[in-house]
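Commentary on secondary and tertiary structure
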Amino acid sequence: MEIVYQLLAITTIHMRTIIASVITLFLLNGLSAQNQEIAEIRKLYYETQQNKESYTQLSQDDFEHSSEGGELSAYRDQKEIRLIETVYYGHMGKSERAYYFTKGQLYFVFVKNYEYNAPPTQPEYDDLKTEHQEWRYYFWNNEMIRCISPEGMFLQADSEEFTQQKQAISEL
């Protein structure tokens, strides 16, 4: 009987190891798939940056979304809009946003926010004292799959901050 219990104990240990291995493989496969998606997004981003000068650019002023005005620029290849850039000015800063598209779908958003130490029209304004933050948002199949904070931190998809950023970016 003792041998049966030992065999059951060994079998249970092996089953736990097998289950843990299978779970690990599924997680790694998921991470691998997301890493492939991120690699594809980066490839599309660099392609857009390299070809930006060859795209047709349409620009217009936008005074409705900011106290100090702004500008909206769309870049189009022969088929579709590939990039929309916005710059909005405020009394104490500005916000720059770039929205990247392929096949009609958003795949990346790059947000840069600047906070001035004083209004630029004032003598105490110092460009070297301007604070700068960058946010990066990655999308795949119309879902945000990664968010990188100004500190370079990858926000966990199940975190409250990720959910808040997802909501915030959808309102832009």
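Overview of the structure.

1. Focus: the environment of Ser59
- Looking at where Ser59 falls in the secondary structure, it is placed in strand β1 (residues 56-61).
- A sequence separation of 15 residues divides Ser59 from Ala74, and the C-alpha atoms of the two residues are 6.4 Å apart.
- Among the polar contacts listed, one links the side chain of Ser59 to the side chain of Gln57, at a separation of 3.0 Å.

2. Looking at the environment of Lys94
- Here Lys94 shows up in strand β4 (residues 93-102).
- Taking the relative accessible area as the measure of exposure, Lys94 reaches 23% and is therefore partly exposed.
- Residues Lys94 and Lys112 lie 18 residues apart in sequence; the distance between their C-alpha atoms is 8.4 Å.
- At a separation of 3.1 Å, a polar atom in the side chain of Lys94 contacts the side chain of Glu96.

3. Some details on the packing of aromatic side chains
- Following the criterion strictly, the structure yields 9 aromatic pairs and no others.
- With centroids separated by 6.1 Å and ring planes inclined at 50°, the aromatic side chains of Tyr100 and Tyr107 adopt a geometry described as tilted. Accessibility classification places Tyr100 together with Tyr107 in one group, the buried group.
- Put simply, the rings of Tyr45, Tyr46, Tyr100, Tyr107, Phe108, Phe110 and Tyr138 touch in pairs and so form one group of aromatic residues.
- The cationic tip of Lys94 hangs over the ring face of Tyr114; the distance from NZ or CZ to the ring centre is 5.0 Å.

4. Overview of the sheet that holds β1
- If you trace the 7 strands from one edge of the open sheet to the other, you get β1-β2-β3-β4-β5-β6-β7, paired in antiparallel fashion. Each of the sheet's edge strands pairs with one partner strand only, and the pair in question is β1 and β7 (143-148). Adjacent strand axes in the sheet meet at a mean angle of 15°, parallel and antiparallel pairs treated alike.
- Relative to the sheet, helix α2 (residues 160-170) contacts β5 (105-115), β6 (131-140) and β7, its axis offset from that of β7 by approximately 115°.

5. Details of the pairing of β6
- Note that β5 and β6 share 8 bridges and pair antiparallel. Paired with Phe108 across the bridge in β6 is Tyr138.
- Direction of pairing for β6 relative to β7: antiparallel, over a ladder of 5 bridges. By the bridge assignment for β7, Phe139 is matched with Met144.
- Hairpin connection from β6 to β7: 2 residues lie between these consecutive antiparallel strands, with Asn141 at a positive phi of about 50°.

6. What to know about the layout of surface pockets
- Quantified by volume, the largest pocket comes out at close to 280 Å³.
- Leu44, Thr102, Lys103, Gln105 and Tyr107 are, among the 14 residues lining the largest pocket, the residues nearest its centre.
- A total of 3 residues in the lining of the largest pocket trace back to one element, the largest contributor, which is β5.
- Here the lining of the largest pocket is built from residues that sort into 5 nonpolar, 3 polar and 6 charged.
- Its boundaries defined by the atoms lining it, the second largest pocket holds a volume of some 180 Å³.
- Contributing to the lining of the second largest pocket are Glu71, Leu72, Ser73, Glu85, Thr86, Val87, Glu96, Arg97, Ala98, Phe110 and Lys112.
- Sorting the residues of the lining of the second largest pocket by element identifies β2 (70-76), β3 (81-90), β4 and β5 as the ones contributing at least two each.
- Looking at side-chain class alone, the lining of the second largest pocket contains 4 nonpolar, 2 polar and 5 charged residues.

7. Details of the pairing of β3
- As paired strands, β2 and β3 are joined by 7 bridges and run antiparallel to one another. By the bridge assignment, Ala74 is partnered in β3 with Ile84.
- Hairpin connection, β2 to β3: the antiparallel pair is bridged by 4 residues.
- When β3 meets β4, the two strands line up antiparallel, connected through 8 bridges. Residue pairing for β4: Thr86 is matched across the bridge by Arg97.

Calculation criteria
Residues numbered from 1 in each chain as written. Predicted model: local features only at pLDDT ≥ 70, side-chain atom pairs only at ≥ 80, totals over all residues. Heavy atoms only, no water. Helix = DSSP H or I, 4+ residues; strand = E, 2+ residues; numbered from the N terminus. Polar contact = N/O pair within 3.5 Å; in protein donor to acceptor, adjacent residues only side chain to side chain. Buried < 20%, exposed > 50% of the residue type's maximum accessible area, 1.4 Å probe, protein only. Phe/Tyr/Trp six-rings, centres within 6.5 Å; stacked < 30°, edge-to-face > 60°. Lys NZ or Arg CZ within 6 Å of the ring centre and 35° of its normal. Pairing = 2+ DSSP bridges. Axes fitted to C-alpha atoms, helices over the stretch in contact; angles between N-to-C directions. Contact = heavy atoms within 4.5 Å. 1 Å grid on protein atoms, 1.4 Å probe; cavity = no way out; pocket = protein on both sides within 12 Å on 5 of 7 lines; lining within 4 Å. Points joined across faces, edges and corners; volume = space filled by probe spheres on them. Nonpolar A, V, L, I, M, F, W, Y, C, P; charged D, E, K, R; others polar.

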